[in-house]
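Remarks on the overall topology
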Amino acid sequence: MKDRAHWLGLALAGSLLLPGCGNKPAEPPKGAEKGKDAKSPDAKTPDAKSPDAKTPDAKTPDTNTPDGAGDPAALAFRNAATDPPPDWKGPTFALSKDYPAEPPAPCAKEVCTWLGIDVDFGSPDAPAKWTEGKWADYIEAIKAYAAQGQDPQLANEVGIRVEVDGQTRWYHVPWMAYDPKVGRDFVHGTTNERTASFEDLMGGAAGSAVHDELLEGKCQDEWKTGFETWAVGVYNEYGGYAVGQAIPASGIPQAAEYEGRKVAAGTPMAEGTAVVKYLFTDAPPDCVPFLQGSPEWQVDRHVRTDAGQYLCERKVQTVRLLQVDVAVVDARSPTRWVYGTFSYDGNQKGDTVWERLVPVGVMWGSDPTSFPAVPKEASKPIHETVLNPGMDIYEHYGCTALPDDPDELAGHRLNGPVDNPVSACMACHGAAFAPGEIGATLQDGVNVPTPWGSADLCNATDPAASAAYFANYPFPQPYPGGKFDAALPLDTSLQLQVAYGQYGQWKTAGAPVSCTDPS
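Residues numbered from 1 in each chain as written. Predicted model: local features only at pLDDT ≥ 70, side-chain atom pairs only at ≥ 80, totals over all residues. Heavy atoms only, no water.

Some words on the overall build of the protein
The number of helices and strands found in the protein is nine helices and 14 strands. Residue burial in the protein is summarised as follows: out of 519 residues, 60% are buried. (Helix = DSSP H or I, 4+ residues; strand = E, 2+ residues; numbered from the N terminus. Buried < 20%, exposed > 50% of the residue type's maximum accessible area, 1.4 Å probe, protein only.)

This is the structure:
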């Protein structure tokens, strides 16, 4: 959820990466060549090597022209940052871009089954509990919806199917293949996100599993610069309608007015919206044993030298499924949104990959009445996150309201395995804004708020900044704190932030940000 080695790109000179939340964008590696267009795998177009492939809507232009020839539509809707080699015979990604032209009818509870589950959203005086509030049923219902029509093992040869029962269910966000260093790969459409450390995945001071010091020595030496993350996210038809309004066939991002405020066209996203993101790591099971049996995909990712340094050069290599993030719009939520995350656990019983995805927890707010959003002496118990007490693998969680409490679950906000432990899912996504002037360069912390977390925010070094970051942002109001009143709200979508930001990069500079060394 944790929509960054990403592109949020940004800051002053940063390079835009896909949203993996709470994560300051990792700088892309050096030595990359300027990329061309390409094709893509999880979706449906004539060149997709999938039996499910379908012909694109005539309203959506053909986009595989070299470098877009200055055409924003060609750049926005290109399938991947670089073409597959001429002899490539593996899966090939195709952007799912035939967005609904009209808002879909309200989602029936027989389809969006989580909307019919009576969950407890809690209160500061009576926090919700995993074991009593039906949250396990809620997040499992979302997982079941995501799994419909998918391969039981999420095999590399299949990828993520965008059609379910003959209808397009899943859509991708445009403009995420513009940057050749971190943009969509041609095999599965993944983009580069946060690089995780060994401690992020296997333990340190906190978590729910024993820290393995023997593995640490071996893996720390071999993986000094950490484990890269590559991810692909999809929106269902409700979110897909909003994406298509925000980025129409012209490829030029659009704004509209909602409740007297300028917002991204198509937002707010309707109830029934579901977003799923599949996050893969290059960490080997030798270093992260719970990855044993995880689906192995081939993706076009950064080359890693024998010395452990990542380069800008990309080639097809193995990654393994580590995390699946979900987010849904539910009108019952105080923030309209509910976020959840799963971790793959190879120790779990089950015949399918889906059965081995264990829920980490659910979050529907940033707990603005709890530290560090308020002083410790005024802090109330966390009540807008519920965590699964049955996790059998290490998990670091997010910013805590009780930093001195030895209880591993006490006071923590939700985060996933590869996410920045000094952040939290909704705090990060709540900072999804674009520059108020469409086409302006996205400058993180200057004309848009900073989405990733920091130790200072978790420790309330600047109380006003922590209060703003952990506020429950009410769309379509300005971001809390008064500094970014002109910024354009994107309804928690960091992928749309990438799209608006990459368009601004093209519009102002005419080329992606130059590659630098992330190691």
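Some words on the nonpolar core
Counting residues in each nonpolar core, the largest one holds 81 residues, and the members touching the most others are W175, V288 and Y500. A total of seven residues in this core trace back to one element, the largest contributor, which is helix 9 (residues 494-509). (Core = buried A, V, L, I, M, F, W, Y, C linked by side-chain atoms within 4.5 Å.)

Considering the side chain of T335
Within the secondary structure, T335 sits in the loop between strand 9 (310-329) and strand 10 (337-344). Residue classification places T335 among the buried residues on the basis of a relative accessible area of 12%. The residues contacting T335, other than those within four sequence positions of it, are W364, G365, M426 and N472. (Contact = heavy atoms within 4.5 Å.)

Observations concerning helix 2 (residues 135-147)
Think of an α-helix as turning once every 3.6 residues; residues three or four places apart then point the same way. For helix 2, spanning 13 residues, the distance from its first C-alpha to its last is 18 Å, which sits close to the expected 18 Å at 1.5 Å a residue. Taken together, the buried positions of helix 2 are W135, Y138, I139, A141, I142, K143, Y145 and A146. Lining the buried residues of helix 2 we find helix 5 (237-246), strand 7 (274-281), strand 9, strand 10, strand 11 (357-363) and strand 12 (385-387). Directly after helix 2, the chain includes G149, whose backbone phi takes a positive value near 80 degrees. (Expected span 1.5 Å × (residues − 1).)

A word on the pattern of salt bridges
Should their charged atoms come close, side chains of opposite charge can pair. A complete count under the given rule lists 10 salt bridges for this structure. The partner of K143 in a salt bridge is E140, with the nearest N and O atoms 3.2 Å apart. Placement of the pair is K143 and E140 together in helix 2, with a separation of three residues, close to one helical turn. With a relative accessible area of 9%, K143 lands in the buried category. For E140, a relative accessible area of 31% corresponds to the partly exposed category. (Salt bridge = Lys/Arg side-chain N within 4 Å of Asp/Glu carboxyl O.)

Looking at helix 9
In this model helix 9 runs 22 Å from its N-terminal to its C-terminal C-alpha over 16 residues, within 8% of the 22 Å that 1.5 Å per residue would give. In terms of burial, helix 9 is a largely internal element, 13 of the 16 residues being buried. Downstream of helix 9 by one or two residues, G510 has phi in the positive range, about 75 degrees.

Considering the side chain of T190
Checked against the element boundaries, T190 lands in the loop between strand 2 (167-168) and strand 3 (191-192). In terms of polar contacts, T190 uses its side chain to reach the side chain of D185, at 2.7 Å. Beyond its immediate sequence surroundings of up to four residues, T190 is in contact with G183, R184, D185, W230, A231, V232, W297 and V299. (Polar contact = N/O pair within 3.5 Å; in protein donor to acceptor, adjacent residues only side chain to side chain.)

A word on the packing of aromatic side chains
This structure, assessed with the given rule, holds 21 aromatic pairs. Taking 5.4 Å as the distance between ring centres and 90 degrees as the angle between the ring planes, the aromatic pair formed by F121 and W364 counts as edge-to-face. Of the two residues, F121 is situated in the loop between helix 1 (72-76) and helix 2 and W364 in the loop between strand 11 and strand 12; the sequence distance between them amounts to 243 residues. Each of the two residues, F121 as well as W364, counts as buried. Ring centres of W135 and Y138 lie 5.0 Å apart, and the angle between their planes is 65 degrees; on these two criteria the pair is classed as edge-to-face. A residue pair is termed a helical-turn pair when its members lie 3 or 4 positions apart in one helix, as W135 and Y138 do in helix 2 at three residues. W135 gets classed as buried once you look at its relative accessible area, which sits at 0%. (Phe/Tyr/Trp six-rings, centres within 6.5 Å; stacked < 30°, edge-to-face > 60°.)

Considerations on the state of the cysteines
By the definition in use, this model includes four disulfides. In this model C312 forms its disulfide with C515; the gap between the sulfur atoms is 1.5 Å. An S-S torsion of about -50 degrees defines the bridge between C312 and C515 as left-handed. Highlighted residues: C312 in strand 9 and C515 in the segment after helix 9, separated in sequence by 203 residues. By relative accessible area, which is 2% here, C312 ends up buried. Residue C515 is classed as partly exposed on the basis of its relative accessible area, which comes to 22%. Here C399 connects covalently by a disulfide to C458, the sulfurs 1.6 Å from one another. Residues C399 and C458 are joined by a disulfide whose S-S torsion is about -65 degrees; by sign, that bridge is left-handed. (Disulfide = S-S within 2.5 Å.)

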